[in-house]
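Here is what each chain is made of, one letter per residue.
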Amino acid sequence: MINNKIAIKVNRVSQSRVKEIDWENLSFGREFSDHMLEMNFENGKWQTPEIKPFGELKMHPAMSAIHYGQSIFEGMKASRSGDKEILLFRPDMNAERFRESSERMCMPTIAIDDFVDMIRKLVEIDSEWVPKANGYSLYIRPFLFATDEFIGIKPSNNYKFLIFTCPVGVYYSEPVNVKIEEFYTRASLGGVGGAKTAGNYAASLYPAKKGNEQGFDQLLWTDGIEHKYIEESGTMNIVFEIDGKLITPAEDTDTILKGITKRSVVEVAGHLNIPMEERKITVEEVVTALREGRVTDAFGAGTAATIAPIAKIGFRDELFEIPKDSPRASSSEIRQFLQDVKDGTIEDIFNWMVKV
Ligand SMILES: *Cc1c(COP(=O)(O)O)cnc(C)c1O
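Parameters and conventions
Residues numbered from 1 in each chain as written. Predicted model: local features only at pLDDT ≥ 70, side-chain atom pairs only at ≥ 80, totals over all residues. Heavy atoms only, no water. Helix = DSSP H or I, 4+ residues; strand = E, 2+ residues; numbered from the N terminus. Rg over C-alpha atoms; globule rule 2.2 N^0.38 Å. Buried < 20%, exposed > 50% of the residue type's maximum accessible area, 1.4 Å probe, protein only. Domains from an automatic or database assignment. Contact = heavy atoms within 4.5 Å. Buried area = accessible area lost by both parts, 1.4 Å probe. Salt bridge = Lys/Arg side-chain N within 4 Å of Asp/Glu carboxyl O. Polar contact = N/O pair within 3.5 Å; in protein donor to acceptor, adjacent residues only side chain to side chain. Expected span 1.5 Å × (residues − 1). Axes fitted to C-alpha atoms, helices over the stretch in contact; angles between N-to-C directions. Parallel < 35°, antiparallel > 145°, perpendicular 65-115°, else oblique. Left-handed = near helix turned anticlockwise from the far one by under 90°. Nonpolar A, V, L, I, M, F, W, Y, C, P; charged D, E, K, R; others polar. Near = heavy atom within 4 Å. Arc of directions from axis to C-beta. Pairing = 2+ DSSP bridges. Right-handed = clockwise from strand over helix to strand, strands pointing away.

Draft legend 1. The overall build of the protein, seen in detail. Counting its regular elements, the protein contains seven helices and 18 strands. The C-alpha atoms of the protein give 21 Å as radius of gyration, which agrees with the globular expectation for 356 residues (21 Å, within 12%). Considering only C-alpha atoms, the protein reaches an extent of 60 × 50 × 35 Å along its principal axes. When the 356 residues of the protein are sorted by exposure, 51% land in the buried category.

Set out below in structure tokens:
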């Protein structure tokens, strides 16, 4: 049992649906565990959170979030160490980022410990939903949105915080093809690109659709002023291997979402003595290195896939391919390290994992 500091009401389902799940064929984000957690912000304060059966919400047609977009989310995972413990990967970092997103969007914040405790309690109650197969995990989606029931642009007085979870399989993705985007912009200085807020993803759908029509799976966003610097991929941060060294854009701008996977990649690279730099990267530098065959690996870093290899990179009329025989040794080593920490098969030297 967890000794929560925050009091949580629990209303369990009478009959679990866990036996109905086809564990061999889990698709991402389509199966939902028995319970969800709900906590409302009313009269200027958070009300008692309640864990209740997963189900539909009622909403008022004038509900603020769907009109004006005051809505933020997080994405994180729980996994099993062997057959015993259930572990969360760096939940404090998600809690901290959620707090930062809340502040940027004028929403009430949740204390770090309370955020983590609510997740631990929900995952404990639905522990049967954490997949047992290696590499599988329970995806956790905390989110917060404005619930005022009137038309008017101002920060809402009322909010709803929810957490639900989804058992997910190994996110096996074919290497992806990305396009360096030089017209559309994901984020601008002083904007909300650094917050995990809903509108960022809506705004990227149209440019992404244009990219899809040209055969690209995803875009590689560049800075919104000159389209001169590489930023990120929109759901993943980006890492290149150039001249044998890993390079990722510095986070000294509010236009790049500070990814927990990317931060972990940097820290693991340091531990494994893999050379890695975090600094500004120009499109010019990457394209020149691609032309000269000096880019031996490129990958996205994000919670869903952890490390997603990139096959081809498009720039204007050129299409570059990471050589198929590239060993991608550094990223493989880092991916394995992260997997082993999550599965509890190596010592958690960074103290990243939090027991449920
Ligand atoms: C969530 C997200 C990422 C990846 O962050 P992780 O914490 O590693 O999952 C990268 N870019 C954007 C825009 C994101 O929303």
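Let us keep going from here.
Draft legend 2. The domain arrangement of the protein, seen in detail. By the assigned domains, the protein splits into domain 1 (9-169) and domain 2 (176-343). Centre-to-centre, using C-alpha coordinates, domain 1 lies 27 Å away from domain 2. At the junction of the two partners, domain 1 supplies 25 residues and domain 2 supplies 22 residues. Interface area for domain 1 against domain 2, summed over the two sides, is near 1900 Å², with a carbon-plus-sulfur share of 57%. Ranking the residues of domain 1 by area buried against domain 2 places F73, F89 and R97 at the top, with a combined share of 32%. Where domain 1 touches domain 2, the interface holds one salt bridge. Note that E267 and R90 form a salt bridge whose closest N and O atoms lie 3.3 Å from each other. Our count for the domain 1 to domain 2 interface comes out at twelve residue pairs in polar contact (both at pLDDT 80 or more). Every element with two or more residues in the side of domain 1 that touches domain 2 is listed here: strand 5 (71-73), strand 6 (76-81), strand 7 (85-89) and helix 2 (91-104).

Draft legend 3. Highlighting the environment of K154. With respect to the element layout, K154 can be found in the loop between strand 8 (137-146) and strand 9 (159-168). For the pair K154 and E50, spaced 104 residues apart in sequence, the C-alpha to C-alpha distance is 28 Å.

Draft legend 4. Local environment of helix 5 (residues 260-271). The end-to-end C-alpha distance of helix 5 is 16 Å, a good match for the 16 Å that twelve residues give at a rise of 1.5 Å each. Burial of helix 5 is extensive: nine of the twelve residues sit out of reach of the surface. Taken from the residues just after helix 5, N273 is the one with a positive phi, measuring 60 degrees.

Draft legend 5. Expanded view of the environment of I180. For I180, the location among the structural elements is in strand 10 (residues 176-180). As a C-alpha pair, I180 and E231 span 51 residues in sequence and 10.0 Å in three-dimensional space. Ignoring any residue separated from it by four or fewer positions in sequence, one finds I180 in contact with L220, T222, I230, V283, V287, I313, G314 and F315.

Draft legend 6. Spotlight on the packing of helix 2 against helix 3 (residues 112-125). Between helix 2 and helix 3, the least distance of the axes is 9 Å, while the angle of their chain directions is 125 degrees. Relative to helix 3, the element helix 2 lies oblique. Between helix 2 and helix 3 lies a crossing of right-handed hand. Contacts between helix 2 and helix 3 pair P91, D92, N94, A95, E96, F98 and R99 from the former with I112, F115 and V116 from the latter. In terms of residue class, the contact of helix 2 with helix 3 is built from six nonpolar, one polar and three charged.

Draft legend 7. Spatial organisation of the site of the ligand. Taken together, 15 residues lie near the ligand, and K196, Y201, E232, T261 and T303 sit nearest. K196 places a polar side-chain atom, nitrogen or oxygen, 2.7 Å from an oxygen atom of the ligand. I260 is positioned with one of its backbone polar atoms (N or O) 2.8 Å from an oxygen atom of the ligand. Its residues assigned to classes, the shell around the ligand comprises four nonpolar, seven polar and four charged.

Draft legend 8. Quick look at helix 6 (residues 283-291). Of all the residues in helix 6, the buried ones are V283, V286, V287, A289 and L290. Down the axis of helix 6, the buried side of the element spans an arc of 165 degrees, and every buried residue falls inside it. Structurally, helix 6 contributes buried residues whose contacts are with strand 10, strand 12 (237-242), strand 15 (295-302), strand 16 (306-315) and strand 17 (318-321). G293 sits one or two positions beyond helix 6 and adopts a positive phi of about 70 degrees.

Draft legend 9. Spotlight on the pairing of strand 10. Along strand 10, five of the five residues are buried, which leaves the element largely enclosed by surrounding structure. The alternating pattern of strand 10 places V176, V178 and I180 and N177 and K179 on opposite faces, both of which are buried. Pairing of strand 10 with strand 16 involves four bridges; the strand directions are parallel. Looking at strand 16, one finds that N177 is bridged to K312. As paired strands, strand 10 and strand 11 (residues 218-220) are joined by three bridges and run parallel to one another. Looking at strand 11, one finds that I180 is bridged to L220. Considered for its hand, the β-α-β crossover made up of strand 10, helix 4 (residues 198-213) and strand 11 is right-handed.

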